[in-house]
Amino acid sequence: MVTEVDPRIYDTTAEITWCAGCGDFAILKAVKLALADLDIAPHEVLIVSGIGCGSKLPDYINANGYMTIHGRPLAVATGAKLANPDLHVLVVDGDGDGYGIGGNHFIHTCRRNPNITQIVENNQIYGLTKGQYSPTSDVGFITTTSPDGAIEAAFNPMAIALAAGATFVGRSFSGEPKHMAELIARGITHRGYALIDVLQPCVTFNRVNTYAWYRERIYHLEEEQGYDSSDRMAAWARAQEWGERIPVGVIYQAEGAPTYEDQVRALEGGSPAGRLLELAKMPATEQYETLKERFI
Ligand code: SF4
């Protein structure tokens, strides 16, 4: 990967409090690499997160950041994108935040198709609150809240995103930061909502889905001869795979669909944030005449 922007421009001096070996470190690195690869400067990006270990990420990256309440980053990100469509808007949150508490926002963001990228740090457990089973925990997974093993069927984010109309559905593994950076860059350049589910070991509370567990199972779709990621039914079949074989890469991409912003008439006159800034620079009388023209 050749970069012009040095990824170190995104570094901060904040003390990182993740456990040693946590998959979140690779996600942080991959986000920086992807932004650098796309020549996106820190002031051109907003990273929105929720609550959870991985949702601390905006603190560890030199860019605009917003930590919202639990499960709400997609709603905040969509609002920010509407206010300033020129901004690259990323959501970074965990499986509990994104698929559990924020599950409803997830489904409706898939069908709305705003031009934002969501990276879900999927470690199949609630790490910050010390190890309860999460929406993506497999049946039988033993935790403090499921001592006899989880009895609920696991949430399948790939299949649900497809069914809800997502136009970009991808998956990566935090043991492969370069692959992840490339996938994140593809998600950012995709016009529309892009979901990137990252298989991210929680080395402290999840002793089942470890780096070794994933390495034995993942395979790369880009190496599968004849796989066509624009074929929705082929994507649907791959989205069901879990257990012995787990696909990573672009599972599905549909290009050319209108984004949510494309269809919002209020944006026809340009970025609301940009127009507000223009207005702020005008003398008061001119501001009044401009506002009259716009709203009366
Ligand atoms: Fe990472 Fe798990 Fe530690 Fe949280 S508890 S920082 S997810 S290893």
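For every chain, the first residue of the written sequence is number 1, and numbering continues from 1 along that sequence. With pLDDT at 70 or above as the cut-off, local features in this predicted model cover only qualifying residues; side-chain atom pairs require 80 or more to be listed or tallied, and sums for whole chains, interfaces and linings still use all residues. In computing side-chain properties, one takes all heavy atoms of the structure into account and sets aside hydrogens as well as water.

### Some details on the packing of aromatic side chains
This is how the line gets drawn: Here is the rule: rings of Phe, Tyr and Trp (six-membered ring for Trp) pair when centre to centre is within 6.5 Å. Planes less than 30 degrees apart are stacked, more than 60 are edge-to-face, and the remainder are tilted. Numbering of helices and strands starts at the N terminus; helices are DSSP runs of H or I of at least 4 residues and strands are runs of E of at least 2. The classification of residues rests on relative accessible area computed with a 1.4 Å probe and restricted to protein chains. Under 20% of the type maximum is buried, over 50% is exposed, and intermediate values are partly exposed. Counting as a charge over the ring demands two things of the Lys NZ or Arg CZ atom: a distance within 6 Å of the ring centre and an angle within 35 degrees of the ring normal.
If you walk through the whole model with that rule in mind, you get nine aromatic pairs. Where tryptophan 213 meets tryptophan 242, the ring centres are 6.0 Å apart and the plane angle is 45°; that geometry is what we call tilted. Remark: tryptophan 242 occurs in the loop between α8 (232-239) and β10 (246-253) and tryptophan 213 occurs in helix α7 (residues 211-217); sequence separation between them is 29 residues. According to the relative accessible area criterion, tryptophan 213 is buried, its value standing at 15%. Positioned above the aromatic ring of tyrosine 219 is the side chain of arginine 245, whose terminal nitrogen or guanidinium carbon lies 3.8 Å from the ring centre.

### Some points on the site of the ligand
Note the threshold: Here, proximity means that at least one heavy atom of the residue falls within 4 Å of the molecule or strand. Three classes are used: nonpolar for Ala, Val, Leu, Ile, Met, Phe, Trp, Tyr, Cys and Pro, charged for Asp, Glu, Lys and Arg, and polar for all others, with Gly counted as polar.
The immediate surroundings of the ligand are formed by Trp18, Cys19, Cys22, Cys53, Asn123, Gly127, Gln200, Cys202, Val203, Thr204 and Phe205. A per-class count over the shell around the ligand returns seven nonpolar, four polar and no charged.

### Thoughts on the pattern of salt bridges
Heads up, the rule is: Salt bridges, as used here, are contacts in which a Lys or Arg side-chain nitrogen is within 4 Å of a carboxyl oxygen on Asp or Glu.
Going through the model one piece at a time under the given rule, you end up with eight salt bridges. Across the pair arginine 191 and aspartate 262 runs a salt bridge whose closest N-O atoms are separated by 2.9 Å. Within this pair, whereas arginine 191 is found in the loop between α6 (177-189) and β8 (194-199), its partner aspartate 262 is found in the loop between β10 and α9 (272-281), the two being separated by 71 residues in sequence. Across the salt bridge formed by glutamate 216 and arginine 217, the nearest N and O atoms sit 3.5 Å from each other.

### Remarks on the nonpolar core
Inclusion rule: Nonpolar core, defined: a set of buried Ala, Val, Leu, Ile, Met, Phe, Trp, Tyr and Cys residues in which side-chain atoms within 4.5 Å join the residues together. Note on contacts: a residue pair is in contact if any heavy atoms of the two residues lie within 4.5 Å.
Residues Val31, Leu35, Ile47, Leu57, Ile61, Ile119 and Ile184 are the most contacted members of the largest nonpolar core, which totals 34 residues. Secondary-structure elements contributing two or more residues to this core are α1 (24-37), β1 (45-49), β3 (88-94), α6 and β8. Per-element tally for this core: the top contributor is α1, with nine residues. When near neighbours in sequence (up to four residues on either side) are disregarded, isoleucine 184 contacts Ala30, Val31, Ala34, Ile119 and Ile196. Formed by 30 residues, the second largest nonpolar core is a distinct cluster that contains Leu46, Val48, Met158 and Ile251.

### A closer look at the pairing of strand β4 (residues 117-122)
As a reminder, the rule being used: Strands pair, by our definition, only if DSSP identifies at least two bridges between them.
Buried residues dominate β4, accounting for six of its six residues. Of the two faces of β4, the one holding Thr117, Ile119 and Glu121 and the one holding Gln118, Val120 and Asn122 are both buried throughout. Relative to β4, β3 runs parallel, the two sharing five bridges. Considered in β4, the bridge of valine 91 is made with glutamine 118. Sheet topology places β4 next to β8; six bridges connect them, and they run parallel. Counterpart to isoleucine 119 in the pairing with β8 is isoleucine 196.

### With respect to the domain arrangement of the chain
Using the following cut-off: For the domain bounds, the source is a domain assignment made automatically or taken from a database. Note on definitions: buried area is the accessible-area loss of two parts on being combined, 1.4 Å probe, summed for both. Each polar contact in these results corresponds to two N or O atoms within 3.5 Å; when the atoms are within protein, one needs to be able to donate a hydrogen and the other to accept it, and residues that are neighboring in sequence are counted only if both atoms are side-chain atoms.
Domain annotation for the chain reports domain 1 (7-263) and domain 2 (264-296). Put simply, the middle of domain 1 and the middle of domain 2, counted by C-alpha atoms, are 36 Å apart. Residue-level contacts link nine residues of domain 1 with six residues of domain 2. Summed over both sides, the interface between domain 1 and domain 2 buries roughly 520 Å², with carbon and sulfur atoms accounting for 61% of that surface. The largest share of the area that domain 1 buries against domain 2 comes from Leu82, Ala83 and Gln263, three residues that together contribute 53% of it. Our count for the domain 1 to domain 2 interface comes out at zero salt bridges. Joining domain 1 to domain 2, the criterion identifies four residue pairs in polar contact (both at pLDDT 80 or more). Class assignment of the residues belonging to the side of domain 1 that touches domain 2 gives a composition of four nonpolar, two polar and three charged.

### Overview of the sheet that holds strand β9 (residues 218-220)
Let me state the cut-off plainly: Axes, fitted as lines to C-alpha atoms, cover a helix only where it is in contact. Angles between the N-to-C directions of the axes lie from 0 to 180 degrees.
One open sheet accounts for eight strands, arranged β2-β1-β3-β4-β8-β7-β10-β9; its pairing is mixed. A strand with exactly one partner marks an edge of an open sheet, and here the two such strands are β2 (64-67) and β9. Between one strand axis and the next, the sheet turns through 25° on average, direction left out of account. Sheet topology note: the β9/β10 ladder contains three bridges and is parallel. Bridge assignment links tyrosine 219 to a residue of β10, and that residue is proline 247. Together, β1, β2, β3 and β4 form the strand contacts of helix α2 (residues 73-83), whose direction differs from that of β3 by roughly 175°.

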